[in-house]
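# A structural walkthrough
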Amino acid sequence: MIRNYLLAFCLILGCSMIMNGQTPCSDFNATTSPAGNWAPSPYPNGNVSVNFGSPNALDGSQYLILGDQSGGSWYENSTDFRSLGKKYLGQCLYFDFYLKNDSGYGQPYHPYITLSNGVHNASFRANVTVTPGSGWVRIKAPIQLSSGGILPSNSEGTWVLNTAGTSADFDNLIMNSTTLAITPDITSTQQEIVFFDNICVKPCDGCTADFTLSTSFSTLNNTATATINLINPILYSTPGNPGPTYIIDWGDGSSSNYIYPTVSHTYNAAGSYTICVSENQGRISVCKRCFTFCYKPSIPTFTNFSTVDSPTKGMEAIIKAELQSAESKDFTLVPNPAKTYVDLETRLLKRELVTVRIIDNTGKVVIERSENLNSGTQFIRLDTQKLMQGAYLVEMKSDTKVSTQKLLISK
């Protein structure tokens, strides 16, 4: 009989004036498959060239380049922006836009983005105008219902129903949206080039950046680590416009200034912690984004080594994982064998919370990490410096599946 201490871990997303961590966001920053779930419309309306460039002057990130071709030139996403009104009513749909070539249009151009439910479609037409090379603009469209028969609008633009219908049809479209679409098409010729970036659902409170919280803990030293990574922060300043700054309150009495790209903090005491990032413009606090996570040791229990922590049971799990990985790989481990770190690479169909655990041959969880990941190819780096040489089981759990593989540690 031995005393078995279990470390229980929970991740709770709590928001104050913030977006839910699972809100859709296309930033086109992935090194592989940066388009994510975006693709040309079905023939004959999807004649568009697709490339990627950098940097977007608003945040220094990679962006999408669309070129017009003959016929329709629509580029759409029918996965990430479904049922916007049911999920995100009261928030805003943001997008960044740059006009590279207007194919001789010769007039100020109003950027727009189009939403459809398969029956009707509506576009949010920005008030701001651009001309070729005039610079990036950031636009936010309200995700709202019509009021008194009038379609939603704000200081940045107005929703317009493109198909014959009523305000009730627009409301149904917002609540049951199926597809978000963008296009470079301006004239009847095929020389137009436009850039899009950061097509994201976020609060309408003026925050310029979102962030992710990744958490991990180790039973080797009973500590938890939280890491803040800001998405699309504006990190530059111009004369008269110093740009925002970010302060992180770690929820345990300590705070840090955000320094690109990530800031981490270690917790030695069990408890529940609310981590908040405040965005400041000069001395004014623009908004605050918060996560809450907790970790705590459970009440010590006595268990039978042979039935719970059996090395044989642990090895059986590792062998099973090895057989599974030979048949199908939902993720890859590089390098394997590993020494000081291992990168887990996976591809997600949507943005979701992913939990990764490393389990030793006794069945004990030695490392666990939870992180909100965007759709497409994503990477999670795990620190294995403190693991002893030997065979381990790596388990990845998402919203839809649990997958395992064998990991070897070689010192």
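Predicted model, so just to flag it, every value in this text is computed and none were measured. (Residues numbered from 1 in each chain as written. Predicted model: local features only at pLDDT ≥ 70, side-chain atom pairs only at ≥ 80, totals over all residues. Heavy atoms only, no water.)

### Some thoughts on the overall build of the protein chain
- Scanning the protein chain from N- to C-terminus turns up three helices and 30 strands.
- Sorting the 411 residues of the protein chain into buried and exposed places 49% on the buried side.
- Put simply, 70% of the contacts in the protein chain that link residues at least 6 apart link residues at least 24 apart.
- Summing over all exposed atoms, the protein chain offers an accessible surface of approximately 19,100 Å²; the carbon and sulfur share of this is 52%. (Helix = DSSP H or I, 4+ residues; strand = E, 2+ residues; numbered from the N terminus. Buried < 20%, exposed > 50% of the residue type's maximum accessible area, 1.4 Å probe, protein only. Contact = heavy atoms within 4.5 Å. Areas by Shrake-Rupley, 256 points an atom, 1.4 Å probe, with all protein chains shown as cover.)

### Overview of the confidence of the model for the protein chain
- Looking at the protein chain as a whole, the pLDDT averages 81, with 80% of positions reaching at least 70.
- Counting contacts from residues 1–21, a segment whose pLDDT is below 50, to residues more than four positions away or on other chains yields 72 contacts.
- The low-confidence segment residues 298–312 (pLDDT under 50) makes 29 contacts with residues lying over four places distant or belonging to another chain. (pLDDT = per-residue confidence, 0-100.)

### Describing the state of the cysteines
- Counting across every chain of the model gives two disulfides.
- Paired by a disulfide, Cys-25 and Cys-200 hold their sulfur atoms 1.9 Å apart. The disulfide joining Cys-25 to Cys-200 has a torsion of about 45 degrees about its S-S bond and is therefore right-handed. Within this pair, whereas Cys-25 is found in strand E3 (residues 25–26), its partner Cys-200 is found in strand E15 (residues 193–202), the two being separated by 175 residues in sequence. Summarising the burial analysis for this pair, Cys-25 and Cys-200 share the class buried. (Disulfide = S-S within 2.5 Å.)

### Some words on the sheet that holds strand E7 (residues 75–77)
- Ordered by their spatial adjacency, seven strands build an open sheet running E4-E7-E14-E9-E10-E13-E12, and the pairing between neighbours is antiparallel. Edge positions in the sheet fall to strand E4 (38–40) and strand E12 (153–154), since each of these pairs with one other strand and no more.
- Note: E12 against strand E13 (residues 157–161), two bridges, orientation antiparallel. Paired with Asn-154 across the bridge in E13 is Gly-157. (Pairing = 2+ DSSP bridges.)

### Focus on the packing of aromatic side chains
- If you walk through the whole model with that rule in mind, you get 18 aromatic pairs.
- Grouping aromatic residues by their ring pairs yields a cluster made of Phe-95, Phe-97, Tyr-105, Tyr-109, Tyr-112 and Phe-196.
- Geometry around Tyr-94 places Lys-202 over its ring, the cationic atom sitting 4.7 Å from the centre. (Phe/Tyr/Trp six-rings, centres within 6.5 Å; stacked < 30°, edge-to-face > 60°. Lys NZ or Arg CZ within 6 Å of the ring centre and 35° of its normal.)

### Quick notes on the environment of Thr-223
- In this structure, Thr-223 sits in strand E17 (residues 223–231).
- A C-alpha to C-alpha distance of 5.7 Å links Thr-223 and Tyr-267, two positions 44 residues apart in sequence.

### A short note on the sheet that holds strand E25 (residues 341–348)
- Pairing in this open sheet of three strands is antiparallel, and the strands run E24-E25-E28 from one edge to the other. Single-partner strands in this sheet number two, and they are strand E24 (331–334) and strand E28 (376–383). Pairwise comparison of adjacent strand axes, ignoring direction, gives a mean angle of 20 degrees for this sheet.
- As judged from the eight bridges shared by E25 and E28, these two strands associate in the antiparallel manner. Across the sheet, Leu-344 pairs through a bridge with Ile-380, a residue of E28. (Axes fitted to C-alpha atoms, helices over the stretch in contact; angles between N-to-C directions.)

### Here's the deal with the side chain of Asp-68
- With respect to the helices, strands and loops of the structure, Asp-68 is situated in strand E6 (residues 63–73).
- The charged side chain of Asp-68 is buried without a salt bridge, its nearest counter-charge being Lys-100 at 17 Å.
- Polar side-chain contacts of Asp-68 include one of 2.5 Å to the side chain of Ser-73.
- Not counting residues within four places of it along the chain, the set of residues in contact with Asp-68 comprises Asn-47, Ser-73, Pro-184, Asp-185, Thr-187, Thr-189, Gln-190 and Glu-192. (Lys, Arg positive; Asp, Glu negative; His and termini not counted. Salt bridge = Lys/Arg side-chain N within 4 Å of Asp/Glu carboxyl O. Polar contact = N/O pair within 3.5 Å; in protein donor to acceptor, adjacent residues only side chain to side chain.)

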